[in-house]
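Residue strings, one per chain:
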Amino acid sequence: MPPLLTGLPADLWTVPYAGSRYPGSPAATARPDLALGANCQLYAYEVLRHFGRPLPPLRSAELWADRTVTREVPGPAPLDLLLYSPDGTAYGAHVGVWVAEGSVLHLCREVGRPALWHPDDFAARPRYRRLVGVKRALPQA
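Residues numbered from 1 in each chain as written. Predicted model: local features only at pLDDT ≥ 70, side-chain atom pairs only at ≥ 80, totals over all residues. Heavy atoms only, no water.

Under the annotation held in an unreviewed UniProt entry, the protein carries the name Hydrolase and is attributed to Streptomyces odorifer.

Laid out in structure tokens, this is it:
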């Protein structure tokens, strides 16, 4: 396990996948507790929040377009967000968190719980085969 993840609370390893619980959704707004589940974005944002990098409830296309609280970077560093899609577009893109060389922490329907995948694991699946890009949360003022 990447050293960064030794500080991740146990409850962030048991979050169930729930596609209806996305940033800004009525379900997530009414009950923000991730014990009820999350989609990939909500999960990734909670991981960043745990490490002191909170982000607003942006959907993937909004995250990709954002230049206020994030910036695009050419390569990932720990706690950067990676966006994957079938065709390289940001709308509806899957979001994961880079935690170490070759390790992306994410939550997807296929596994149902948080998982660590190598970038090649994403490339091998049609729905994640293209890396849209990498975003870094900017320090909060």
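Once the structure has been displayed, the description carries forward.
Side note on the environment of Glu-101
Put simply, the rule reads: A run of H or I in DSSP counts as a helix once it spans at least four residues, and a run of E counts as a strand once it spans at least two, with each numbered from the N terminus. Think of it in three bands: residues with accessible area under 20% of the maximum for their type are buried, residues over 50% are exposed, and the middle band is partly exposed, with areas taken using a 1.4 Å probe on protein chains only.
Take Glu-101: it is sitting in the loop between strand S3 (94–100) and strand S4 (103–107). On the basis of relative accessibility, which here comes to 73%, the residue Glu-101 falls in the exposed class. Sequence-wise, Glu-101 and Pro-2 are 99 residues apart; in three dimensions their C-alpha atoms are separated by 8.7 Å.

Quick notes on the sheet that holds strand S2 (residues 81–85)
Sheets are built from strands that pair by backbone hydrogen bonding, the pairs being arranged parallel or antiparallel. Stated formally: Two strands are counted as paired when DSSP detects at least two bridges linking them. Fitting a line to C-alpha atoms yields each axis, with helices limited to the stretch in contact; the angle taken between N-to-C directions then spans 0 to 180 degrees. Here, two residues are considered to be in contact whenever any of their heavy atoms come within 4.5 Å of each other.
Taken in spatial order, the 6 strands make up an open sheet running S1-S6-S2-S3-S4-S5, and their pairing is antiparallel. Each end of this open sheet is capped by a strand with a single partner; those strands are strand S1 (70–73) and strand S5 (114–117). Between one strand and the next, the sheet's axes are offset by a mean angle of 35 degrees, whatever the strand orientation. Against the sheet, helix H2 (residues 40–50) makes contact with S2, S3, S4, S5 and strand S6 (130–137), and its axis sits at roughly 30 degrees relative to S3, the strand it touches most.

Things to note about H2
Rules: Whenever two N or O atoms come within 3.5 Å, that pair is a polar contact, provided that in protein one can donate a hydrogen and the other can accept it, and provided that, for residues adjacent in sequence, both atoms are side-chain atoms.
Within H2, 8 of the 11 residues are buried, which leaves it mostly tucked inside the rest of the structure. What H2 keeps buried is the set Cys-40, Gln-41, Leu-42, Tyr-43, Ala-44, Tyr-45, Val-47 and Leu-48. For H2, the N-terminal cap is Asn-39; the gap from its side-chain oxygen to the backbone nitrogen of Gln-41 is 3.2 Å.

Considering the nonpolar core
The criterion, for reference: Residues grouped as a nonpolar core are buried Ala, Val, Leu, Ile, Met, Phe, Trp, Tyr and Cys residues, joined through side-chain atoms within 4.5 Å.
Ranked by internal contacts, the top residues of the largest apolar core, which has 31 residues, are Tyr-43, Leu-81 and Val-97. Of all the secondary structure elements, the ones that give two or more residues to this core are H2, helix H3 (60–65), S2, S3, S4 and S6. The leading source of residues in this core is H2, at 7 residues. Sequence-distant contacts of Tyr-43, that is, excluding residues within four places in its chain, are made with Leu-8, Leu-12, Val-15, Leu-34, Ala-38, Leu-105, His-106, Leu-107 and Pro-114. Counting 11 residues, the second largest nonpolar core, distinct from the first, contains Leu-82, Tyr-84, Ala-115 and Phe-122.

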